[in-house]
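Summary of structural features
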Amino acid sequence: MNKAELLGREQRSDRLHRQVQQAIAHSTADACWSWPKQRFEELALALFEHQFQGCAAYGRYCRGRGVSPSSISSWREIPAVPTDVFRSVDLCSFPTQDSELLFMTSGTTSGSRGRHYLRRSDTYLASLSAWFRTFLLVGGAAPKVVVFAPSAAQDPSSSLSFMLQWAVDAEGAPGSGFFWDSQGPRLAAGLKAMRQAQDLAQPVLVLGTARALQALLEGLVSGALGDRLELPSGSLLMETGGFKGAARTLSRDLFYEGLSKVLGLPLAAIVSEYGMTELGSQGYQPCALTDHQPGTNEWSDLAASLPEGLDTAGQPRVFVFPPWCGVGAVDPQSLELLPDGERGLLRFWDLSNVDSICAIQTADVGVVRGGALSLLGRAPGATARGCSLAVDEVLKAASRTAE
Amino acid sequence: MRSFLPGVDDAGWDAPGSNSLSDRLLAGAAELRDSGPALRALGERARMRALAGLALAWRDPEDPFRREALQLLPAECGLSSAMVERGIDDAFSVVTEQALRYWWSTEAQGRPYQGRGEAPELSGHIWASNVFVAGLPPVMASLLVGSPALIKAPASMPSFACLLARSVREHAPELGRCLGAAGWSRKQVAVTTTFLDGADLLFAFGEDRSIEELRVQFQRPFYAFGARYSIAVLCSTVMGDDQQLDQLLDALADDQLAWDGQGCLSPRWIFVEGSPELAQMLAERAACRLPDRAELLPGTLLGDDDAAHRASWLGQVGFSGWAREGRGWCCGAFDSSRLEPSPPPRSLCFVPLEDLDELALLLTPLGSRLQGMSFFGPEKRREQLVEVLEPLGLSRVCEPGGLQRPPLHWSHDGVRILEAFC
């Protein structure tokens, strides 16, 4: 590619970043969480054209499927890329050396790690901050942010750490920080910081992975970590990554009830986050304590209509995504988009993924209605097995032996 | 219906009784052994006639056992009705008097029966997986030589074995009480021990680990059939006109769609001698044929994990070559010779190979678990390939479209099944 083409692509990218950021800013300023269809459509199709032209591998993939910017008229027709592809292909519309950020998946199950290159960090930041503030900042005094997860310095390739770092730096009161080292969560130190805030009646925002929070719960229940807490009013807890392989021994409801009791938080103050490396946007469960998030009552009604949409306390347990991130479910058999309310594999159209891939196909299962997502576990293998060899297992074993 | 044991379940299956399954197995095994002398006294010609008649009955659409099987097996085995019907037809169509005679003449005639002068008194058969007819040939062999047989079916899939046992009584009464069957879980260790104690030789289908455990436990003649994979190979030099090409692709599709691509004879990869472009051309053409083929042999609904795996495969192959999908099928072509990611069930996966001599090396990581190969190309090339693939386990070679219909005398996993009784 010559210089002029590269420059043209950069200019197009910058223009799209501006448009997406403006749209996010308008939403935030007006607390307008429902976009006109046309706005989403125009931006999504513009992003697709940019990615189709800029990312050669994606362009080839789309052409192989008989799809091009001129052949589609709806964002729903944009070819989605399974998250696994991020492990084998650099999916970006710019030279990778020009990326401001590179996030990588944990890669614990497959060996190779997915790579999400971002040319600009400002759109990513605009997206995450707008939605984080909506769901996790109650208003009033800045909370003390206590994080049980690695910081950005400890894990520079983690998109979660990047987000948490922003929360500490941008939104945390003095004393906020990461309570984590190479051994895992520093629970005692984190609790000390929480107790200090408790003594000062300072609201606390606890952010942590499910595994770390489970250790916190066990330590407080057993007494090994001291007495239980009574966190001040306005405190919240965000749990993340709890449903993707963490060694959980409790059901989600019992887990949250336990956390609620040991931290002295109402159940409604516990928020779950859904995010993944390949998405620039995140989803949160509506929380009854934040007054400026999209109509909680509306979500409650929707949640009640979805399978497993309410927790035992009647709180919505659906995830809500920002208006710049569409979510849908596709038929597991045909991979075609399903009508609202039907169970399928989840697919996202994330406009904050300006220079990577906007349409992402996940392996997660859920039901979507009115933009709210009820995340369901995968059904256990319903298919009876034949006498065919489990090739993947044999090849994995063979490659381990070769190592 | 969870069992049909001679002398035990004759009054009606699933009848409430106080006897444990172990006790009933013991009693059933004794009845079976008692029926052996009469079975052997019939002579092989009469046994062949009876078995061929039984097979013919199973292929009769009005046959009550077939009808019951068609009713029960789709849900039990997770297969479509069309697949169950095809499985029955394929399995019994090869059981003819002529085929039995050939089998007898090549593997049994003039044998000393392990030095005893006659066939074993009772053979044991452990069936596994939803390819419900996989264990049929050893049972046919057993009855052919005059050994009564007792089948252990999976607890969740007992129906075909039990229907088969009942149908022998109905359609081949001259064979006597020669076949029994019951379904139980391998977790019922005591029942399995009773079963194994009663058998003089054992044929077992299942996972490698289960087979190794059985091998330790069963110290008499033991023949095991583990999980395997198959392939198809196409030589570019013999690709014909469009019509021939479509016939070839349909045949490949039938081999793969049968048993929902989950059988040991389901071709996992289709290796194409030639360029990535040729492999993609074949995949694109196959994608036009597959919707109709898939409709003829519909699949069952994918579980979530399988669906996620399929979506991932489609994406990965789509980026490294070409892929397309529809309801109940998918197909793709890599742009280089590779096995990963492994194709999902009901997919045609075309892999280009510049030189077929690379094939053995490519398959080596899978060990000696190769089962079958459908081959389309010159005879000489086929012979060369067979020679290099036999050390990888290859035991069945045929033309595309024929993989799933192995003859009775197929040396499954290299085992000469009828000879094993002799």
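Residues numbered from 1 in each chain as written. Chains lettered and ligands numbered in written order. Predicted model: local features only at pLDDT ≥ 70, side-chain atom pairs only at ≥ 80, totals over all residues. Heavy atoms only, no water.

Observations concerning the overall build of chain B
We apply this condition: Runs of E in the DSSP output that reach at least two residues are strands. Runs of H or I that reach at least four are helices, and both are numbered from the N terminus. Each radius of gyration is computed over the set of C-alpha atoms, and the globule rule expresses the reference value as 2.2 Å times the number of residues to the power 0.38. Relative accessibility under 20% of the residue-type maximum defines a buried residue, over 50% an exposed one, and the middle range a partly exposed one, all with a 1.4 Å probe and only protein chains included. It only takes one pair of heavy atoms within 4.5 Å for two residues to be counted as in contact. Using a 1.4 Å probe, the Shrake-Rupley method yields the accessible areas, and only the shown protein chains count as cover for residues. Lys and Arg are tallied as positive, Asp and Glu as negative. Neither His nor the chain termini are counted. Charge placement uses NZ in Lys and CZ in Arg. For Asp and Glu, CG and CD serve respectively.
Secondary structure assignment for chain B yields 15 helices and 13 strands. For chain B, the C-alpha radius of gyration of 22 Å lies close to 22 Å, the compact-globule estimate for 422 residues. By principal-axis analysis of the C-alpha atoms, chain B measures approximately 65 × 45 × 40 Å. Counting the 422 residues in chain B, one finds 59% classified as buried. Taking all contacts inside chain B whose residues are at least 6 apart in sequence as the whole, residues at least 24 apart take part in 73%. About 16,000 Å² of surface is accessible on chain B, with carbon and sulfur atoms providing 49% of the total. Computed over 40 positive and 56 negative side-chain charges, the separation of the two mean positions in chain B equals 4 Å.

Notes on the overall build of chain A
Summing up its helical and strand segments, chain A has 10 helices and 16 strands in all. Taken over C-alpha atoms, the radius of gyration comes to 22 Å for chain A, in line with the 22 Å a tight globule of 403 residues would show. Taking the principal axes of the C-alpha coordinates as reference, chain A spans close to 60 × 60 × 45 Å. By the burial criterion, 57% of the 403 residues in chain A qualify as buried. On chain A, roughly 16,400 Å² of surface is accessible, and the fraction owed to carbon and sulfur atoms is 50%. For chain A, the distance from the average position of its 35 positive side-chain charges to the average position of its 41 negative side-chain charges is 4 Å.

Some remarks on the side chain of B:Arg346
All names here are of chain B. Heads up, the condition is: Between N or O atoms, a polar contact is any pair within 3.5 Å; within protein, one atom must be a potential hydrogen donor and the other a potential acceptor, and residues adjacent in sequence are included only when both atoms are from side chains.
Here Arg346 shows up in the loop between β10 (329-334) and β11 (347-353). Among the polar contacts listed, one links the side chain of Arg346 to the backbone oxygen of Leu257, at a separation of 3.4 Å. Excluding residues within four positions of it along the chain, Arg346 makes contact with Gln256, Leu257, Asp260, Gly261, Ala294, Leu297, Pro298, Gly299, Gly328, Trp329 and Cys330.

Thoughts on the domain arrangement of chain B
All names here are of chain B. To keep it simple, the criterion reads: An automatic or database domain assignment supplies the start and end points of every domain. Accessible area that two parts lose when put together, with a 1.4 Å probe and added across both, is what the buried area reports.
In terms of domain boundaries, chain B breaks down into domain 1 (3-227) and domain 2 (229-398). On the domain 2 side, the residues contacting the 13 residues of domain 1 number 12 residues. Here domain 1 packs against domain 2, burying approximately 1,000 Å² in sum over the two surfaces, 64% of which is carbon and sulfur. If you sort the residues of domain 1 by the area they bury against domain 2, Met83, Arg86 and Val131 come out on top, with a joint share of 42%.

Brief notes about the packing of aromatic side chains
For the record, the criterion: In summary, the pairing rule links any two rings of Phe, Tyr or Trp, Trp by its six-membered ring, whose centres are within 6.5 Å, and it sorts them by plane angle into stacked for under 30 degrees, edge-to-face for over 60 and tilted for everything else. A positively charged side chain is recorded as over a ring if its NZ (Lys) or CZ (Arg) lies within 6 Å of the ring centre. The angle to the ring normal must also be within 35 degrees.
One pass over the full model with this rule turns up 34 aromatic pairs over all chains. Each ring, one from B:Phe203 and one from B:Tyr223, has its centre 5.1 Å from the other, and the planes form 25 degrees; the classification is stacked. Here B:Phe203 is found in strand β5 (residues 201-205), whereas its partner B:Tyr223 is found in strand β6 (residues 222-225), with 20 residues between them in sequence. Through a chain of ring-to-ring contacts, the aromatic side chains of A:Trp35, A:Trp131, A:Phe132, A:Phe135, A:Trp166, A:Tyr284 and A:Trp324 assemble into a single cluster. Directly above the ring of A:Trp35 sits A:Arg39, whose terminal nitrogen or CZ lies 5.1 Å from the centroid. The ring of B:Trp184 carries B:Lys152 above its face, with NZ or CZ at 5.1 Å from the centroid.

Let's talk about the pairing of strand β3 (residues 149-154) of chain B
Residue and element names in this part refer to chain B. Here is the rule: A pair of strands is labelled paired if DSSP reports no fewer than 2 bridges between them. By convention, a crossover is right-handed whenever its connection, traced from the first strand over the helix to the second and viewed with the strands pointing away, goes clockwise.
In terms of residue burial, β3 counts as a mostly covered element, since 6 of its 6 residues are buried. Where strand β2 (residues 123-126) lies against β3, 4 bridges are found, and the strand directions are parallel. Along β3, the bridge assignment pairs Gly124 with Leu150. With helix α7 (residues 136-145) bridging β2 and the parallel β3, this β-α-β connection has right-handed handedness. In this structure, β3 lies alongside strand β4 (residues 179-184), joined through 6 bridges in parallel fashion. Residue pairing for β4: Pro154 is matched across the bridge by Trp184. Of the crossover connections in this fold, the one passing from β3 over helix α8 (residues 159-171) to the parallel β4 is right-handed.

Let's talk about helix α3 (residues 56-64) of chain A
Within α3(A), burial applies to A:Ala57, A:Tyr58, A:Gly59, A:Tyr61 and A:Cys62. Tucked into the core, α3(A) has its buried residues touching α2 (37-54) and β1 (81-82) of chain A together with α13 (304-320) of chain B. A positive backbone phi angle near 75 degrees is found at A:Gly66, which sits one or two residues after α3(A).

Section: the packing of helix α3 (residues 64-77) of chain B against α8(B)
Residue and element names in this part refer to chain B. What counts, and what does not: Axis definition: a line fitted to C-alpha atoms, limited for helices to the stretch in contact. Angles are taken between N-to-C directions and run from 0 to 180 degrees. Each angle receives one of four descriptions, namely roughly parallel if under 35 degrees, roughly antiparallel if over 145, roughly perpendicular if within 65 to 115, and oblique otherwise. Residues are grouped as follows: nonpolar covers Ala, Val, Leu, Ile, Met, Phe, Trp, Tyr, Cys and Pro; charged covers Asp, Glu, Lys and Arg; every other residue, Gly included, is treated as polar.
Put simply, α3 and α8 touch, their axes get as near as 10 Å, and they point 175 degrees apart. Considered as vectors, α3 and α8 are oriented roughly antiparallel to each other. In contact with Phe65, Glu68, Ala69, Leu72, Leu73 and Glu76 of α3, α8 contributes Ser159, Phe160, Leu163, Arg166, Ser167, Glu170 and His171. Classifying every residue of the contact of α3 with α8 by side-chain character gives 6 nonpolar, 3 polar and 4 charged.

Focus on the side chain of B:Ser210
Residue and element names in this part refer to chain B. Within the fold, Ser210 resides in helix α10 (residues 208-217). Taking relative accessible area as the criterion, Ser210 reaches 13% and is therefore assigned buried. At a separation of 2.8 Å, a polar atom in the side chain of Ser210 contacts the side chain of Arg186.

Re the interface of chain A and chain B
Keep this limit in mind: Whenever a carboxyl oxygen of Asp or Glu lies within 4 Å of a side-chain nitrogen of Lys or Arg, that contact is scored as a salt bridge.
Taken together, the contact between chain A and chain B spans 39 residues of the former and 46 residues of the latter. A per-residue breakdown of the area chain A buries against chain B is headed by A:Gln333, A:Cys387 and A:Leu389, which together make up 20% of the total. Inspection of the region where chain A meets chain B yields 3 salt bridges. With a closest N to O distance of 2.7 Å, B:Glu325 and A:Arg65 form a salt bridge. Taken together, the connections running from chain A to chain B amount to 14 residue pairs in polar contact (both at pLDDT 80 or more). Elements with a minimum of two residues in the side of chain A that touches chain B: α3, β1, β14 (343-350), β15 (359-369) and α10 (391-402) of chain A. In terms of residue count, α10(A) provides more of the side of chain A that touches chain B than any other element does, 5 residues in total. Across the side of chain A that touches chain B, the residue classes tally to 22 nonpolar, 9 polar and 8 charged.

Focus: the sheet that holds strand β8 (residues 267-273) of chain B
Either a parallel or an antiparallel arrangement is found when strands of a sheet pair, and the pairing is made through backbone hydrogen bonds. Residues and elements named next belong to chain B. Taken together, the 7 strands give an open sheet; going across it, the order is β9-β10-β11-β8-β7-β12-β13, and neighbouring strands pair in mixed fashion. Looking along the sheet, the strands with just one partner apiece sit at the ends: β9 (321-326) and β13 (396-398). Direction aside, the axes of adjacent strands within the sheet are offset by 15 degrees on average. Two strands pair when backbone bridges link them, and strand β12 (residues 370-376) and β13 are joined in this way by 3 bridges, in the parallel orientation. Bridge pairing in β13 links Gly372 to Arg396. Against the sheet, helix α15 (residues 379-389) engages β7 (229-234), β8, β12 and β13, with an angle of about 165 degrees to β12.

A closer look at the pattern of salt bridges
Enumeration according to the criterion identifies 37 salt bridges over all chains in this entry. Among the ionic pairs, A:Arg133 bridges to A:Glu171, the shortest N-O distance being 2.6 Å. With A:Arg133 in helix α4 (residues 122-136) and A:Glu171 in helix α5 (residues 159-171), this pair connects stretches of sequence that are 38 residues apart. A salt bridge links B:Arg289 to B:Asp246; the nearest nitrogen and oxygen atoms lie 3.5 Å apart. In this pair, B:Arg289 sits in helix α12 (residues 276-296) while B:Asp246 sits in helix α11 (residues 242-257), placing the two residues 43 residues apart along the sequence. Given the relative accessible area of 15%, B:Asp246 is considered buried. Here the salt bridges share partners, and the residues they tie into one network are B:Asp242, B:Asp246, B:Asp250, B:Asp254, B:Arg285, B:Arg289 and B:Arg293.

What to know about the nonpolar core
Residues and elements named next belong to chain A. Applied cut-off: What makes a nonpolar core is a set of buried Ala, Val, Leu, Ile, Met, Phe, Trp, Tyr and Cys residues whose side-chain atoms join them at distances within 4.5 Å.
Among the nonpolar cores identified, the biggest contains 107 residues, and Tyr58, Phe132, Phe148, Met194 and Leu263 are the most heavily contacted of them. A per-element tally of this core places α4 first, with 8 residues. Every residue in contact with Leu263, bar those within four places of it in the chain, is listed here: Met194, Leu216, Leu220, Leu229, Glu230, Leu231 and Leu237.

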